[in-house]
Amino acid sequence: HYNIADPTDTYFVGFDNYINFLFQKEVPLEIGGIPVVDSEGKPMMVQNTSYYAFWYSLLYTILFCLVIVPTSIILPLFLAIGIKRKPYGYKLFRSLIYLPSIFAVSSTGAAFVYLFANNEVGFINNLFGTNISWLNNQISAWFVIFLLCLYGIGGNFIIITAGLENVNKNLYESAEIDGSNFWQKLRYVTLPGIKYQIIICTFTTIIGYMNLYGQTGVLTMGGPADFDHPERPGVTH
C-alpha cells in the first residue's frame, strides 16, 4: 500500500492486491476511507471492479486470440504460396504485404479512427453512404480492431515465405506425377516442409495478441461498454 499524497502512509500488504482482483467479487463499501455499515452493523459490499476488469479482459483477449491467431497464420500462408508461384508483379505484392507491419500501431490506428469515424464524417461511411457507428458498437468495434491487427501479418508472411523456399521441389514433382491436387500437396508436402516456421509463427502470434493493447487503446480506449453487463470493463465515446 502506497499513498502518493502521503509517503509515510506506506505498509506491506503481501499478496492482498493480487487476491483482490483474482478472487474477490465484492469488497466493502468505503467513503473517505471509512467502511459503510448497514442497520445491523455489517459492512456493506459492492462489486469489485478490479475483479471483473481482470477476468473479463482475460476472457475477451482469449476469445479474440482464438480468431486472430489462426487467421494470422492461414492468410500469410496462402499469400506466401501465391507469391511463390511468381505471378506478374510478385515482387511489388510481396513488398506491399509486408509494408503495413513496419508502421507503428499508433499511426495506423489513427488512420483507422478517421476511416471508421461515426456518421458521415468517416471515410467508409462517406464512401458507401452508410451511417454506422463503427467504434461505438461492440460487434463492429471488434471487426475494426480485427482489421487493424491484420496489418501485422507481414512478419509471419516473411517467415513462411522463407520456409517455402527451402521445401524440396522434388517432392512437388513427385506429388504431381502421383496425381496429387493442390490440397493434397499442401497437406503432405508444404505443411510438413514448413512445420518449424508454422510453430514459430504460432507461438510469436499468440504471445503478441495475448499482450494486445495498442489497437484497442488507439481505436476505442478500451470500449465500448456493454450496457447489459455494466460490471464489465469498457468506456464509451
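Everything below is about the structure shown above.
All values derive from a computational prediction rather than experimental measurement.

What follows covers a positive patch on the surface. Together, Lys86, Lys91, Arg94 and Lys169 give the surface a local cluster of positive charge. What makes Arg94 partly exposed here is its relative accessible area of 31%.

With that settled, the discussion passes to the packing of aromatic side chains. Counted under the stated rule, the structure contains 17 aromatic pairs. With centroids separated by 5.1 Å and ring planes inclined at 50°, the aromatic side chains of Phe21 and Phe54 adopt a geometry described as tilted. Placement of the pair is Phe21 in helix α1 (residues 16-23) and Phe54 in helix α2 (residues 49-84), with a sequence separation of 33 residues. Phe21 gets classed as partly exposed once you look at its relative accessible area, which sits at 23%.

Turning our attention to the nonpolar core. The biggest cluster of nonpolar side chains holds 19 residues, and the ones touching the most others in it are Phe64, Ile68, Val144, Cys149, Tyr209 and Leu219. When contributions to this core are tallied by element, the ones reaching two or more residues are α2 and α6 (138-149). Per-element accounting of this core gives the leading share, five residues, to α6. Filtering out sequence-adjacent residues up to four positions away, Cys149 remains in contact with Phe64, Ile68, Tyr209, Leu212 and Gln215. Within the second largest apolar cluster, 18 residues are counted, among which are Ile73, Ile97, Tyr172 and Leu186.

How each quantity is defined
Residues numbered from 1 in each chain as written. Predicted model: local features only at pLDDT ≥ 70, side-chain atom pairs only at ≥ 80, totals over all residues. Heavy atoms only, no water. Patch = residues over 30% accessible without salt bridge, like charges linked within 9 Å, V, L, I, M, F, W, Y side chains within 5 Å. Areas by Shrake-Rupley, 256 points an atom, 1.4 Å probe, with all protein chains shown as cover. Salt bridge = Lys/Arg side-chain N within 4 Å of Asp/Glu carboxyl O. Lys, Arg positive; Asp, Glu negative; His and termini not counted. Charge placed at Lys NZ, Arg CZ, Asp CG, Glu CD. Buried < 20%, exposed > 50% of the residue type's maximum accessible area, 1.4 Å probe, protein only. Phe/Tyr/Trp six-rings, centres within 6.5 Å; stacked < 30°, edge-to-face > 60°. Helix = DSSP H or I, 4+ residues; strand = E, 2+ residues; numbered from the N terminus. Core = buried A, V, L, I, M, F, W, Y, C linked by side-chain atoms within 4.5 Å. Contact = heavy atoms within 4.5 Å.

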